[in-house]
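Now for the letters of each chain:
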Amino acid sequence: MGLLNPLFLIGSVVLAVPILVHLVRRERSEIIHFSSLMFLLKVPKQVVRQQKLKNLLLMLLRLGIFALLVLAFTRPFMAYTPPKPGDTGTGDANIVMLLDNSMSMRYGNHFDRLKEEARKRIDGMGANDRMIIVGFSDAATVLATPNSTNSVWRTDKNQLKSMLGTLELSFNGTRYFDAFVTADRYFSQAPAGPRKLVVISDFQRNGWNRTSHENVIGKEVQTEMVSVAEENPNNLGIESVSADAASFTRTYSGRIVARIRNYKKVEAKDVPVTLTVNGSPMGRRMVTLPANGSSLAEFSGFDLPVGLSKAAVAIEADDPLKEDNMFVLALERREKLKVLVVDNGRKEESFQLRTALTASDTLPFQVAAVPAGQLTPEELVNHQVVIINDVPRLNDAVWKRMEELRKTGQGQFVILAQNAKMDWWGAQASFPVKPTRQIIVRQDRGQPFVSVTNYDRNHSIFKPFEKSAKLTMSVAEFFAYIEVQPQPGASVMARFDDGSPFLVESKPEDRGLIVMASTVHNLAWSDLALKISFPPLIHEIVRYLSGYNDARSWYSMGEGVPITGSVEGTAASVKTPAGERESLGDIKPGQQKFYSPAVPGFYDVQVGKDLRLFAVDPQMNEGNLEAMLPEDLLAGVQRLDEGKASDILAPNAQEEHARRSLTWWYLLLAAILFGISEIFIANRTQRSQIEPRRA
Amino acid sequence: MAAPVAEKVSNRFIDPKVLIRIQNMELVARTVVEGFVQGLHRSPYLGFSVDFAAYRAYVPGDEIKRVDWNVYGRTDKLYIKLFEGETNTKVLILVDVSGSMNYSSGAVSKLDYARMLAACLSYFAYHQRDAVGLLTFDTDVVKYVPSSRRRGQLLTILSEIDRIVASKETEFRKPLHYLAEMLNRRGLIIVISDFYDEPENIVNGLKVLKTKGNDVVAFHVMDNFELTFPFAEMAQFEDLETDRKMHVIPEYLRNQYLKILNEHIDKLQKELTSARIDYQLMNTSDPLDSGLFKYLAARSATV
């Protein structure tokens, strides 16, 4: 038990006061010469004894009140004491042995020691004890398969040892909680008898998420925590890497930044960090790593061949854990997205649009412009996105071709403004809106301007606005716009603050068309093009319409890798780092399947004619071998008796701690009850006084 | 010179604490008795020795002064006047001088109170022409002054009362039996004591006196603290008779003490009353006149 305000214990000296008063009074009791003790001597001893007991009770009650008050003010809380292994029943024991095979166990001989300890536990089993061996990393797996009685419990030691031999190290991270849940599940199905849980691990702190703990292990379970951790692990590793997965230029336009971490307690000087692309060295950096600290190694300006490349950042370090010394990633040199802007051919009409899309070489857009009158259906074909910038109408053949191309994945963005012939646009069946009239805000709405204040925050085109505090949609002022009525099935992505639609997307089955109901170049209508939020809005609209996906070029072990179907439904397969090809079956257009890699490395994915590449890395945080106290872990998962608390968990279990600190209220309540009892007994004693005799 | 009536009436209820300041026992007695007498509607003096009852012929030995010379002048014969008060009563006052009588919670100890009461009764009785005697006792007879009407008897008794010193324990049986054997004439026996003895011993002793034809009056003198036991603090109580000590927490014992004391008093009262012995409980903080009333009542029954 602990005390929050131990200084209040000083108050316990008041307990001595009643006793001291009693003793002093006893010592100093005066002598009274009385006529005769005849009657006093006749008082039955029993009565005196009863009175003494009553008074003793009163004194104890008073002492109790003081003691409880003092104790209450010290704010006691019950400390956690791990459940003692003891009598948990009789009969044959049911043992669940949890064995850590996460990547961190690759450190030195940890895994060998784990197996050795496991073997000892198997040898130590009773003749009829049952055992389940569970290997765990970020998921838990029972090594045994159900036998003829559909049981995974085994009593044969040789069988258990051979199972132990099949346990292999993984590259996954550590999640203790899943392992404990698995153990609890098997305990709940276990035959009668004592239950014992053995956990053999390096008790890596990374594996325990304190905020989501739940007490899954029963308090009756006897536990044995076996640590194979080293006190001062000697490890260097790549903690993380950030890079742009795609480059649209020959020279890699982005930067590859690797954070190298020193987990040792001594400084590591001149650690070489290298970058290789397709096996060719592209850069080498020397970093000095402070004790238990990190440094960055940055690579940029190297050449990248067209297509997919296999890149790797590696450190040259002689440490017992090699797996975190290399980080692989897939890089792609891409062609830019071809965007066709169709306007009225007037000077600078599409200037803002073109500028926004081509402001930097690193932007993945290649823009061409053509007046609507010169646009032919054939010209539309070679572009991923077509932007119709405030033209009165389109040639019917062009529009028909656009409808066809939309179905093959072309994205189209129509801006309706002062030039639009509303009758024509409203007559197009596949057009998601029906324009009704022009709105001059000052005249029609009685206010100087309207803003875009209401938009679908979950839509991908608005992600930049959600991620950045600097970007806001509402800064742009619109003085005029086209009032439109969305067609059934079309979705309004953004509205003006008077409720009129601003951006409308076509219905899902006619996807790939977005309509904007105001201009971007006429400042008399809007100042949107002058605002900082304009370029990202246009970028995201174009990216979204093109289906352009900033696919991640690497994943961590344990993550599911999404494989998306191409335009035409077709078969998909994955080629593993070992060279084996695994079929994923047919994937329909837009359908997504998830692939779970088993080992780190590069994976080639073929979906129809498309070839993709992604890299898989081990859980890099596994390189952090800092261990936690096994008791600390146990305190988080094992149920306790009611009223007990764990001070080990206190930092992250405020509510639990507060609940268990409520003891002082109970003490206060007890003090009040003592007080009431004292008053009752004392009054009862006084009330029974006999009236003295009058002569 | 006679004191003003109002002053004498007020003396009737004179506080024992005031009386104790008066060292002279006779003065105490006179103060109390005269105050008491003045307060009565009918003075006892009128009833005794003054009222004419009858004449009888003179016989040798009669006092010459009692001859009625007027009758002799008319009849030439010697006659003696007989008065009512002349049927003298023998009064013996027994005072308990045991150690317990020495207890006092204030200015007046039980022994002082007993002495004053004895003095008053002696004075009163003597002036009613009764033969007055005194016997002090504890476990045995300490001092015995036989009853007499002789001149100086009152002074003798008062001086003996003045010299009383509390001594040992109380034991009723022995002195009372001694007295019963010694007394050869009936009379009034007044016992002043705190009666710290078993009720059986007290009652049996007094019964012996009663069966000898005496009228017995028992004055039970108790201190106010004995009757109320108002002690609050824990203390060592020391017995004045035996020097025995006892650790007492009054709040534990008060109830039981008072219960036992009341039972003792009730038993005494009941037993004595059934034996036709007058019993009077007297608190040392009360005036003495109640004792004198009791005496008068007993005296009238005697004569």
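Preceding this paragraph is the structure being described.
Attention here is on the structure that accompanies the text. It should be emphasised that the depicted structure is a prediction, and the values quoted were computed from it without experimental measurement.

1. A word on the overall build of chain B
Here is step 1: Per the secondary structure count, chain B includes 12 helices and 10 strands.
Here is step 2: Split into buried and exposed, the 303 residues of chain B put 52% on the buried side.
Here is step 3: Long-range contacts, defined as pairs at least 24 residues apart, comprise 75% of the intrachain contacts of chain B with a sequence gap of at least 6.
Here is step 4: Of the roughly 13,800 Å² that chain B leaves accessible, carbon and sulfur atoms contribute 49%.

2. Quick look at the overall build of chain A
Here is step 1: Scanning chain A from terminus to terminus reveals 15 helices and 33 strands.
Here is step 2: Taking all 695 residues of chain A together, the buried fraction comes to 48%.
Here is step 3: The contacts of chain A with a sequence gap of at least 6 include a subset with a gap of at least 24, amounting to 74%.
Here is step 4: Accessible area of chain A: about 33,800 Å², with a carbon and sulfur share of 51%.

3. Considerations on the pattern of salt bridges
Here is step 1: Applying the stated criterion across every chain, the model contains 37 salt bridges over all chains.
Here is step 2: For the salt bridge of Arg195 of chain A with Glu220 of chain A, the shortest nitrogen-to-oxygen distance reads 3.7 Å. Of this pair, Arg195 of chain A sits in strand E7 (residues 195–201) while Glu220 of chain A sits in the loop between E7 and strand E8 (222–227), and the two are 25 residues apart along the sequence.
Here is step 3: Given the relative accessible area of 23%, Arg195 of chain A is considered partly exposed.
Here is step 4: A salt bridge links Lys174 of chain B to Asp140 of chain B; the shortest N-O distance between them is 3.2 Å. Of this pair, Lys174 of chain B sits in helix H8 (residues 173–182) while Asp140 of chain B sits in the loop between strand E4 (131–137) and strand E5 (141–148), placing them 34 residues apart in sequence.
Here is step 5: On the accessibility criterion, Lys174 of chain B (49% relative accessible area) is partly exposed.

4. Some points on the interface of chain B and chain A
Here is step 1: Between chain B and chain A, the residue contacts involve 46 residues of the former and 32 residues of the latter.
Here is step 2: Interface area for chain B against chain A, summed over the two sides, is near 3,900 Å², with a carbon-plus-sulfur share of 65%.
Here is step 3: Sorting the residues of chain B by area buried against chain A places Met234, Tyr252 and Asn255 of chain B first, and these three jointly supply 18% of that buried surface.
Here is step 4: On inspection of chain B and its partner chain A, the count reaches 0 salt bridges.
Here is step 5: Where chain B meets chain A, there are 7 residue pairs in polar contact (both at pLDDT 80 or more).

5. With respect to the nonpolar core
Here is step 1: Ranked by internal contacts, the top residues of the largest apolar core, which has 50 residues, are Leu40 of chain A together with Leu206 and Phe237 of chain B.
Here is step 2: Looking at this core, the element that brings in the most residues is helix H11 (residues 250–274) of chain B, giving 9 residues.
Here is step 3: Setting aside residues no more than four positions away along its own chain, Leu40 of chain A makes contact with Phe34 of chain A together with Phe229, Phe237, Met246, Val248, Leu253 and Tyr257 of chain B.
Here is step 4: Formed by 48 residues, the second largest nonpolar core is a distinct cluster that contains Val96, Ile133, Phe136 and Leu160 of chain A.

6. Structural notes on a nonpolar patch on the surface
Here is step 1: Residues Val13, Val14, Val17, Val21 and Phe66 of chain A make up a contiguous nonpolar surface patch of roughly 390 Å² in combined accessible area.
Here is step 2: Note that Val17 of chain A resides in helix H1 (residues 16–27).

7. Section: the environment of Tyr279 of chain B
Residue and element names in this part refer to chain B.
Here is step 1: Along the polypeptide, Tyr279 turns up in strand E10 (residues 278–283).
Here is step 2: In this structure the C-alpha to C-alpha distance between Tyr279 and Val216, which are 63 residues apart in sequence, comes to 8.7 Å.
Here is step 3: Side chain to side chain, Tyr279 and His220 meet in a polar contact 2.5 Å long.

8. Some thoughts on the environment of Leu288 of chain B
All names here are of chain B.
Here is step 1: Along the chain, Leu288 turns up in the loop between E10 and helix H12 (289–302).
Here is step 2: For Leu288, a relative accessible area of 2% translates into the label buried.
Here is step 3: Sequence-wise, Leu288 and Met116 are 172 residues apart; in three dimensions their C-alpha atoms are separated by 8.1 Å.

9. Some remarks on the sheet that holds strand E18 (residues 365–371) of chain A
By definition, the strands of a sheet pair up through backbone hydrogen bonds, in either a parallel or an antiparallel sense.
Residue and element names in this part refer to chain A.
Here is step 1: Strand order across the open sheet formed by 8 strands is E18-E17-E19-E20-E26-E25-E24-E22, with mixed pairing between neighbours. The sheet is open, and its two edges are formed by E18 and strand E22 (452–455), each paired on a single side. Strand-to-strand twist in this sheet, taken as the mean axis angle between neighbours without regard to direction, amounts to 15°.
Here is step 2: The pairing of E22 with strand E24 (residues 491–496) spans 3 bridges and is classified as antiparallel. What sits directly across from Val452, in E24, is Phe496.
Here is step 3: Contacts from helix H12 (residues 534–546) reach strand E17 (337–343), E18, strand E19 (385–389), strand E20 (411–415), strand E25 (501–505) and strand E26 (513–516) within the one sheet, and its direction differs from that of E20 by about 140°.

10. Some remarks on a positive patch on the surface
Here is step 1: On the surface, Lys45, Arg49 and Lys52 of chain A together with Arg244 of chain B cluster together into a patch of positive charge.
Here is step 2: Along the chain, Arg49 of chain A falls in helix H3 (residues 45–73).
Here is step 3: Exposure remark for Arg49 of chain A: the relative accessible area of 52% places this residue in the exposed category.

11. Quick notes on the side chain of Thr274 of chain A
Here is step 1: Tracing the chain through its elements places Thr274 of chain A in strand E12 (residues 268–277).
Here is step 2: Not counting the four nearest positions on each side in its chain, Thr274 of chain A is found in contact with Gly283, Arg284, Phe299, Ala312, Val313, Ala314 and Glu316 of chain A.

12. Thoughts on the packing of aromatic side chains
Here is step 1: Taken as a whole and assessed by the stated rule, the structure comprises 35 aromatic pairs over all chains.
Here is step 2: With a centroid separation of 5.7 Å and 65° between ring planes, the pair formed by Tyr595 of chain A and Tyr603 of chain A is classed as edge-to-face. One exposure class covers both Tyr595 of chain A and Tyr603 of chain A, and it is buried.
Here is step 3: Every member of this aromatic cluster is reached through a ring pair, and the members are Phe34 and Phe39 of chain A together with Tyr103, Tyr196, Phe225, Phe229, Phe231, Phe237 and Tyr257 of chain B.
Here is step 4: Lying over the aromatic face of Phe171 of chain A, Arg106 of chain A brings its terminal NZ or CZ to 3.7 Å of the ring centre.
Here is step 5: Here the basic side chain of Arg149 of chain B rests over the ring of Tyr126 of chain B, its NZ or CZ set 4.7 Å away from the ring centre.

Parameters and conventions
- Residues numbered from 1 in each chain as written.
- Chains lettered and ligands numbered in written order.
- Predicted model: local features only at pLDDT ≥ 70, side-chain atom pairs only at ≥ 80, totals over all residues.
- Heavy atoms only, no water.
- Helix = DSSP H or I, 4+ residues; strand = E, 2+ residues; numbered from the N terminus.
- Buried < 20%, exposed > 50% of the residue type's maximum accessible area, 1.4 Å probe, protein only.
- Contact = heavy atoms within 4.5 Å.
- Areas by Shrake-Rupley, 256 points an atom, 1.4 Å probe, with all protein chains shown as cover.
- Salt bridge = Lys/Arg side-chain N within 4 Å of Asp/Glu carboxyl O.
- Buried area = accessible area lost by both parts, 1.4 Å probe.
- Polar contact = N/O pair within 3.5 Å; in protein donor to acceptor, adjacent residues only side chain to side chain.
- Core = buried A, V, L, I, M, F, W, Y, C linked by side-chain atoms within 4.5 Å.
- Patch = residues over 30% accessible without salt bridge, like charges linked within 9 Å, V, L, I, M, F, W, Y side chains within 5 Å.
- Pairing = 2+ DSSP bridges.
- Axes fitted to C-alpha atoms, helices over the stretch in contact; angles between N-to-C directions.
- Lys, Arg positive; Asp, Glu negative; His and termini not counted.
- Charge placed at Lys NZ, Arg CZ, Asp CG, Glu CD.
- Phe/Tyr/Trp six-rings, centres within 6.5 Å; stacked < 30°, edge-to-face > 60°.
- Lys NZ or Arg CZ within 6 Å of the ring centre and 35° of its normal.

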